[in-house]
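So you can see what is in the structure, the chains are spelled out below.
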Amino acid sequence: MAPKYSIEVEGLGKAFRAYKRPLDRVLESLTLGKWKRHREFWALKNVDFKLKPGSSLGLVGANGAGKSTLLKVLAGITPPTQGHYRINGSVASLLELGAGFHLDFTGRMNIVSNGVMMGFSRREMDRRMDEIIEFAELGEYIDQPVRTYSSGMGLRLAFAIACAVDPDVLIVDEVFAVGDMYFQKKCVDKIYSFKQRGKTILFCSHSLYDIRQLCDDAIWMRDGIPAAIGDSVFVTNEYTAFQRDHIADAQGDITSEVPMVVRSGLDPSMMPRILDARLYRLGTDEECYQFTTGDDLELRIWWRNPDPDQTPVSVGTAFFRQDMTITAGMGTHFSNFPLKEREGCLVLRIPDIQMLSGQYVVPVILFDEGGVHRYEEFALSDHVVVRTETREVGMFRMQHEWEVVQRPTPSQSLTEES
Ligand SMILES: Nc1ncnc2c1ncn2[C@@H]1O[C@H](COP(=O)(O)OP(=O)(O)OP(=O)(O)O)[C@@H](O)[C@H]1O
């Protein structure tokens, strides 16, 4: 019978020793610990959660919040100081890049030694060798020592090995931060296929967008303690709200939630591209960036995709306020509207805009078909300004109505009944 949970974590904590100076560590060890020179520092405290097979959990939080430490504990790389965890099934982890590789061994030799470390026999790894080499696409480098690899190449090899051993639980730390666009796309596809096959994924990223797209649930780690746990959209919203209130320099960086575009790896002539994007009054050729609440607008996006079968794309856009809030986001992938053409002008019609006064930045983003991987981000030539002619407050005009009816207050009805 399949286990109810693939990961169970209870009261997990991890303390490190913090030394003021490197010398203090030496002094402490020379005195066999009698002369204590460290202070205890808790990188993780009171972490509790359970994950069912097939679910994916994202970790978000500021630098130093404890995300990597939690992943390392669960990957068995470092023991917890407090609490327990249990993982039902096999685990593969992609944590520090290149960790677990022998630098003087070739890629091929590392495939075997890595697999053996994960509990596979040499023969099994030999059997999977071709599949791993094919996925990693390292060419002749597969027979070169790993010390000659770039970090992207190390990642390719590590990811190929992790995929080939087909673990029940995959633990991934910021895998999309390294590697070229083409390989990132392969990683995303693999992660999706893991999810679809009922595997469990633990994933840490600074890209809230990736967390929302790939993870069902999320934990916001703050100073080693879970500050919010739950649905990934809820948790990332909580985290964004916190960042907005606490990080002064977040001002101005209004599209930071949409991660950077990566433009390498593919033959440039085969790259899907956004050629242009402009805003108009609906149904006219009047290009316009100033609207009044209730106006009708139309965004036209010209794109080209040389190979829609091999590289299917989707297009998204959003209205970002100056404080980073996404007021509204739309995407062909959300609307199940596939773009099968090689090129064309995609028209997004928005009648009766309901946004209230404000200035918005409207990027247009070319994604893969699932809306996860970004090929290109295109900025409109101007900010969009919306004015509201009434004195309504808030971000949005919400549909509503008022009415006066004759009905007793609930407390009156109770008195009458008794
Ligand atoms: N081996 C270690 N010895 C001492 N302190 C450590 C060690 N590893 C991590 N820490 C500390 O634990 C805290 C949590 O670190 P961790 O790497 O888990 O954060 P993170 O959330 O992954 O950060 P980032 O987003 O920058 O990767 C940090 O203050 C870090 O300095």
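Quick notes on the rules
Residue positions are given per chain, counted from 1 along the sequence in the order it is written. The predicted nature of this model means local features are confined to residues of pLDDT at least 70 and side-chain atom pairs, given and counted, to a pLDDT of 80 or more, with totals for whole chains, interfaces and linings taken over all residues. The basis for the side-chain values is all heavy atoms of the structure; hydrogens and waters are excluded. We define the bend at each residue as the angle formed by axes fitted to the 7 residues ending at it and the 7 residues starting at it. Strands here mean DSSP runs of E at least two residues long; helices mean DSSP runs of H or I at least four residues long; both are numbered from the N terminus. Burial classes follow relative accessibility: with a 1.4 Å probe on protein chains only, a residue under 20% of its type's maximum area counts as buried, one over 50% as exposed, and anything between as partly exposed. Proximity is defined per residue: any heavy atom of the residue falling within 4 Å of a molecule or strand makes that residue near it. The definition of a polar contact used here is a pair of N or O atoms within 3.5 Å, where within protein one atom must be able to donate a hydrogen and the other to accept one, and adjacent residues in sequence count solely through side-chain atom pairs. Under the scheme applied, nonpolar residues are Ala, Val, Leu, Ile, Met, Phe, Trp, Tyr, Cys and Pro; charged residues are Asp, Glu, Lys and Arg; polar residues are all the others, including Gly. In this scheme, strands are said to pair when DSSP sees at least two bridges between them. As a rule, the C-alpha atoms of each element are fitted with a line to give its axis, helices using only the stretch in contact, and angles between N-to-C directions run from 0 to 180 degrees. Buried Ala, Val, Leu, Ile, Met, Phe, Trp, Tyr and Cys residues that are joined via side-chain atoms within 4.5 Å together make up what is termed a nonpolar core. The contact definition used throughout considers only heavy atoms, calling two residues in contact when any of these lie within 4.5 Å. By salt bridge we mean one thing: a side-chain nitrogen of Lys or Arg within 4 Å of a carboxyl oxygen of Asp or Glu. Residues enter patches when their relative accessible area tops 30% and they take part in no salt bridge; the joining distance is 9 Å for like charges and 5 Å for the nonpolar side chains Val, Leu, Ile, Met, Phe, Trp and Tyr. Only the protein chains shown count as cover for residues, and all accessible areas are computed by the Shrake-Rupley method using a 1.4 Å probe.

Peer 1: Can you help me understand helix H4 (residues 122-136) in this one?
Peer 2: An α-helix turns once per 3.6 residues; consequently, residues spaced three or four apart project the same way. Of all the bends in H4, the greatest measures close to 45° and is centred on arginine 128. Of the positions making up H4, those classed as buried are Met125, Arg128, Met129, Ile132, Phe135 and Ala136. Following H4 by one or two positions, glutamate 137 has its phi on the positive side, about 45°.

Peer 1: Looking at this structure, I do not really get the site of the ligand. What am I missing?
Peer 2: The environment of the ligand is made up of Phe16, Phe41, Ala43, Ala62, Asn63, Gly64, Ala65, Gly66, Lys67, Ser68, Thr69 and His206. Contact between the ligand and glycine 66: an oxygen atom at 2.9 Å from a main-chain N or O atom of the residue. Residue assignment for the shell around the ligand shows that the elements contributing at least two residues are strand E2 (38-51) and helix H2 (67-74). Looking at the shell around the ligand, the element that brings in the most residues is H2, giving 3 residues. Within the shell around the ligand, the residues separate by chemical class into 5 nonpolar, 6 polar and 1 charged.

Peer 1: What's the story with the sheet that holds strand E10 (residues 273-281) in this structure? I'm lost.
Peer 2: Within a sheet, neighbouring strands are paired by backbone hydrogen bonds and run either parallel or antiparallel to one another. In spatial order, the strands read E10-E12-E15; together these 3 strands make up an open sheet with antiparallel pairing. Strands at the two margins of the open sheet, each flanked by one partner only, are E10 and strand E15 (343-350). When strand polarity is set aside, the average angle formed by the axes of neighbouring strands in this sheet is 15°. Across 8 bridges, the pairing between strand E12 (residues 297-304) and E15 is antiparallel. If you follow tryptophan 302 over to E15, its bridge partner there is cysteine 345.

Peer 1: It is not clear to me how the nonpolar core should be interpreted in this structure. Could you clarify?
Peer 2: The tendency in soluble globular proteins is for nonpolar side chains to be buried side by side. One finds Ile111, Leu157 and Phe159 to be the most contacted residues of the largest nonpolar core, which totals 45 residues. Discounting chain neighbours no more than four positions away, the residues touching isoleucine 111 are Met125, Met129, Ile132, Ile133, Ile142, Leu157 and Ile161. Counting 27 residues, the second-largest nonpolar core is a separate cluster that includes Phe291, Trp303, Val362 and Leu366.

Peer 1: What is the right way to read the sheet that holds E2 from this model?
Peer 2: The 3 strands lie next to each other as E2-E1-E4, forming an open sheet whose pairing is antiparallel. Both outer strands of the open sheet, E2 and strand E4 (82-87), are each paired with one neighbouring strand and no more. Ignoring strand direction, the axes of neighbouring strands in this sheet form an average angle of 30°. By the bridge criterion, 10 bridges tie strand E1 (residues 7-19) to E2 in an arrangement that is antiparallel.

Peer 1: When you look at the pattern of salt bridges in this model, what are you seeing that I'm missing?
Peer 2: Charged atoms that come close allow side chains of opposite charge to pair. In this structure the tally under the stated criterion is 17 salt bridges. A salt bridge links lysine 199 to aspartate 168, with the nearest nitrogen and oxygen atoms 3.9 Å apart. Linking lysine 199 in the loop between helix H6 (181-196) and strand E7 (200-204) with aspartate 168 in the loop between helix H5 (151-164) and strand E6 (169-173), this pair joins segments that are 31 residues apart in sequence. For aspartate 168, a relative accessible area of 33% translates into the label partly exposed. Of the charged contacts in the structure, one is a salt bridge between arginine 304 and glutamate 343, with a shortest N-O distance of 3.6 Å. With a gap of 39 residues between them, arginine 304 in strand E12 and glutamate 343 in strand E15 connect regions that are remote in the sequence. For glutamate 343, a relative accessible area of 48% corresponds to the partly exposed category. Beyond isolated ion pairs, a larger network of salt bridges with shared partners links Asp166, Asp168, Arg197 and Lys199.

Peer 1: Would you explain the side chain of threonine 311 in this entry?
Peer 2: Tracing the backbone shows threonine 311 in the loop between E12 and strand E13 (313-321). When residues no more than four places from it in sequence are discounted, the contact partners of threonine 311 are Pro272, Asn305 and Tyr375.

Peer 1: What should I look at first to understand a nonpolar patch on the surface in this one?
Peer 2: The grouping of Leu23, Val26 and Leu30 at the surface amounts to a nonpolar patch, some 290 Å² of accessible area in total. In this fold, valine 26 is placed in helix H1 (residues 22-30).

Peer 1: What's the story with H2 in this structure? I'm lost.
Peer 2: The buried fraction of H2 amounts to 6 of the 8 residues, a majority that puts the element mostly inside the structure. Every buried residue of H2 is accounted for by Lys67, Thr69, Leu70, Leu71, Val73 and Leu74. Following H2 by one or two positions, glycine 76 has its phi on the positive side, about 80°.

Peer 1: Would you mind going over the environment of serine 357 with me for this structure?
Peer 2: With respect to the helices, strands and loops of the structure, serine 357 is situated in the loop between E15 and strand E16 (358-361). In sequence terms serine 357 and threonine 292 are 65 residues apart; their C-alpha atoms lie 8.1 Å from each other. With residues up to four places along the chain from it excluded, the contact list for serine 357 reads Val386, Arg387 and Thr388.

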